[in-house]
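A closer look at the structure
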Amino acid sequence: MLIKKTYKFRIYPNKNQVELLAKHFGSTRFVWNYFLTERKQSYLESKKSLTFYDNSQALTVLKKVDEFNWLKKVNSQSLQASLKDLDTAYGRFFKKSAMFPKFKKKGFCADSFRCPQSVKIVDGKMQIPKFKPIKLNVHREVEDKILFVTISKTSTNKYFVAITCEVENNPLPEVNKAIGIDLGIKNFAVCSDGTIFENIKTTKKYAKKLMYEQRQLSKKQKGSNNRAKQRKQVALIHEKIRNVRVDNIHKFTTQIVKTNDIIAIENLNVRGMIKNHNLAKVIADASWYETTRQLAYKSGWNSRKLVKIDRFFPSSKTCNMCNFINQNLTLKDREWICPNCKTVLDRDLNASKNILKQGLNIISGCGTQSEIKQKRNEASGFKQSL
Ligand SMILES: [Zn+2]
């Protein structure tokens with residue numbers, strides 16, 4: 001089975017290369033914003049939707065205009081890739097799987113560009129069109145066929161390349177095991193087999209430091225040098241937290257996929273939750289999103305089945321022994337006794353067992369969406385009208 005894998009390496013551009021990279025970030029961003037405006041205007045004025053092909057032709061013309069000839073200084077394939085990305089963003093919007101494409105601002109995660117062709121890694125250096133070889137920190141061999149690379153700059157002024165390759169993949173052997181996972185705040189995850197994955201302590205340590213540095217930032221005068229310095233300090237801690245967190249999630253998801261054929265998790269409404277401003281919650285929400293993302297692609301690579309449970313399924317309130325639904329359970333109750341069968345239930349372990357049960361039901365076709373709806377209604381005290 002051929003799969004796509006992405007490896008990320010830090011790159012160390014010299015001064016000239018930094019300048020040329022900045023031109024690439026700027027020009028690809030310009031192309032995105034320019035053609036986003038074009039597309040919007042065309043639709044407003046004539047109800048005509050421009051295509052990638054329309055944009056691509058217009059770009060060729062634009063480059064010949066004196067005012068825009070600086071676009072010739074960057075790799076034309078990267079500009080085309082920016083148009084392709086815009087087209088994809090439109091496609092996602094029309095399919096209702098994403099918001100309407102936004103304008104890109106300098107900084108704000110938009111300092112990146114794609115290089116779709118003619119990329120090579122030779123002697124620890126990366127070769128891409130328009131650039132002299134850029135020093136690269138290769139911590140693993142890339143022997144596979146490179147499809148494209150994305151070069152990015154972080155808010156802490158580090159440069160990275162993400163190399164996407166086509167790789168021959170051998171799926172893991174079957175193990176005949178199924179697991180339910182309850183992702184939480186108190187613990188990172190509690191599994192139906194009783195395994196508990198704790199939150200990593202480093203994150204907590206950094207979270208404290210982050211709160212301190214953010215307070216310092218709020219005291220600095222707007223527009224001052226000190227404020228800029230402090231902002232970088234805050235960005236550095238954010239970066240550290242993210243790295244530790246993602247690394248930990250990789251260990252977790254790899255282990256889960258290795259040791260189970262069926263994996264059941266709750267389908268959480270992450271977009272809605274991220275609006276919360278409590279820091280621990282924000283980190284947990286971001287982790288949920290990343291964990292689900294990793295489980296999905298790692299399951300795909302290894303022919304594992306990942307089942308997502310409706311987020312309204314009352315996994316915490318249902319007794320996994322007798323299916324009694326406890327309406328009185330509050331968020332504070334870490335442990336409860338089922339009023340019906342008298343079993344002592346640990347909140348998270350009980351939830352993970354219910355998630356597994358529901359996952360297996362869905363796979364075997366018993367747990368239909370209407371059953372979930374009925375359970376949800378029972379949990380919230382409704383009576384079904386039919
Ligand atoms: Zn019970």
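Just so we're clear, the structure is a prediction, and the values are computed from it rather than from any experiment.

Of all residues in the protein chain, 89% have pLDDT values of 70 or greater, and the mean over the chain is 87. Within the protein chain, the lowest mean pLDDT, 50, falls on helix α6 (residues 270–273), and the highest, 96, falls on strand β14 (residues 344–346). In the predicted structure, residues 382–386 sits below a pLDDT of 50 and forms four contacts with residues beyond four places in sequence or in another chain.

A word on the coordination of the zinc ion. Within the protein, the zinc ion binds to Cys319 (SG), Cys322 (SG), Cys338 (SG) and Cys341 (SG); these donor distances fall in the range 2.3 Å. All donors to the zinc ion come from one chain, and their sequence spacing reads C-x2-C-x15-C-x2-C. Here the residue cysteine 322 occupies a position in the loop between β12 (305–309) and β13 (335–337), and cysteine 341 occupies one in the loop between β13 and β14, the gap between them amounting to 19 residues.

Moving on, we get to the sheet that holds strand β2 (residues 112–115). Taken in spatial order, the seven strands of this open sheet run β2-β6-β7-β1-β5-β4-β3, and their pairing is antiparallel. Looking at the sheet topology across the chains shown, the edges are occupied by β2 and β3 (120–122). Geometrically, the sheet is characterised by an average inter-axis angle of 35 degrees between neighbouring strands, direction not taken into account. Pairing between strand β1 (residues 2–12) and strand β5 (residues 134–136): two bridges, direction antiparallel. If you follow tyrosine 12 over to β5, its bridge partner there is lysine 135. Those strands touched by helix α1 (residues 15–46) are β1, β2, β5, β6 (145–153) and β7 (159–168), and its axis lies near 90 degrees from that of β2.

The mixed open sheet is built from five strands, whose spatial order is β10-β9-β8-β11-β12. Edge positions in the sheet fall to β10 (196–197) and β12, since each of these pairs with one other strand and no more. Against the sheet, helix α8 (residues 347–364) touches β8 (178–183), β9 (189–191), β11 (262–266) and β12, its axis set at about 130 degrees to β8.

Considering all chains together, one arrives at 14 aromatic pairs under this definition. Summarising the aromatic geometry, the rings of tyrosine 90 and phenylalanine 94 are spaced 5.9 Å apart at their centres and angled 50 degrees between planes, so their arrangement reads as tilted. One end of the pair, tyrosine 90, and the other, phenylalanine 94, are both in helix α3 (residues 76–94), four residues apart, so they sit about a helical turn from each other. Owing to a relative accessible area of 7%, tyrosine 90 belongs among the buried residues under this scheme.

Tracing the backbone through its elements, the reader meets serine 56 in helix α2 (residues 52–64). The exposure class of serine 56 is buried, given its relative accessible area of 14%.

Time to look at the environment of valine 119. The residue valine 119 is located in the loop between β2 and β3 in this model. C-alpha of valine 119 to C-alpha of valine 149: the two residues are 30 residues apart in sequence and 7.5 Å apart in space. In contact with valine 119, other than residues within four places in its own chain, are Met126, Gln127, Ile128, Ile146 and Val149.

Looking now at the environment of proline 173. One can find proline 173 in the loop between β7 and β8. Residues proline 173 and arginine 304 lie 131 residues apart in sequence; the distance between their C-alpha atoms is 9.9 Å.

Owing to its 3.6 residues per turn, the α-helix aligns residues three or four sequence positions apart on the same side. For α8, built from 18 residues, the straight-helix expectation of 26 Å at 1.5 Å per residue is met to within 8% by its first-to-last C-alpha distance of 26 Å. Along α8, the positions that sit buried rather than exposed are Arg347, Asp348, Asn350, Ala351, Ser352, Asn354, Ile355, Leu356, Gln358 and Gly359. Regarding α8, its N-cap is aspartate 346, as a side-chain oxygen of that residue lies 3.2 Å from the backbone nitrogen of aspartate 348 further along. Positioned one or two residues after α8, glycine 365 has a phi angle of 90 degrees, which is positive.

Glancing now at the packing of helix α4 (residues 201–219) against helix α5 (residues 225–259). If you want to describe how two helices pack, look at the angle between their axes and the distance between the axes. Two numbers describe how α4 lies on α5: the axes approach to 9 Å, and their chain directions differ by 165 degrees. Comparing the axis directions of α4 and α5 gives the class roughly antiparallel. As α4 runs across α5, the sense of the crossing is left-handed. Across the interface between the two elements, Thr202, Thr203, Tyr206, Ala207, Lys209, Leu210, Glu213, Gln214, Gln216 and Leu217 from α4 touch Arg227, Gln230, Arg231, Gln233, Val234, Ile237, His238, Lys240, Ile241 and Val244 from α5. In terms of residue class, the contact of α4 with α5 is built from eight nonpolar, seven polar and five charged.

This part is about α1. The terminal C-alpha atoms of α1, which comprises 32 residues, lie 46 Å apart, in line with the 46 Å expected from a rise of 1.5 Å per residue. The positive-phi residue at the C-terminal boundary of α1 is lysine 47, with phi of around 60 degrees.

Enumeration according to the criterion identifies 11 salt bridges in this entry. Measuring nitrogen to oxygen at the nearest pair gives 2.7 Å for the salt bridge that ties arginine 29 to aspartate 111. Of this pair, arginine 29 sits in helix α1 while aspartate 111 sits in the loop between α3 and β2, and the two are 82 residues apart along the sequence. Across the pair, exposure class does not vary: arginine 29 and aspartate 111 are buried alike. Here lysine 251 and aspartate 247 are joined by a salt bridge, their closest N and O atoms 3.9 Å apart. Taken as a pair, lysine 251 and aspartate 247 lie in helix α5 at a separation of four residues, close to a single helical turn. Accessibility expressed as a relative area gives 44% for aspartate 247, which makes it partly exposed.

Reading the values: the criteria
Residues numbered from 1 in each chain as written. Predicted model: local features only at pLDDT ≥ 70, side-chain atom pairs only at ≥ 80, totals over all residues. Heavy atoms only, no water. pLDDT = per-residue confidence, 0-100. Helix = DSSP H or I, 4+ residues; strand = E, 2+ residues; numbered from the N terminus. Contact = heavy atoms within 4.5 Å. Donors = N, O, S within 2.8 Å, 3.2 Å for Na, K, Ca; no water. Pairing = 2+ DSSP bridges. Axes fitted to C-alpha atoms, helices over the stretch in contact; angles between N-to-C directions. Phe/Tyr/Trp six-rings, centres within 6.5 Å; stacked < 30°, edge-to-face > 60°. Buried < 20%, exposed > 50% of the residue type's maximum accessible area, 1.4 Å probe, protein only. Expected span 1.5 Å × (residues − 1). Polar contact = N/O pair within 3.5 Å; in protein donor to acceptor, adjacent residues only side chain to side chain. Parallel < 35°, antiparallel > 145°, perpendicular 65-115°, else oblique. Left-handed = near helix turned anticlockwise from the far one by under 90°. Nonpolar A, V, L, I, M, F, W, Y, C, P; charged D, E, K, R; others polar. Salt bridge = Lys/Arg side-chain N within 4 Å of Asp/Glu carboxyl O.

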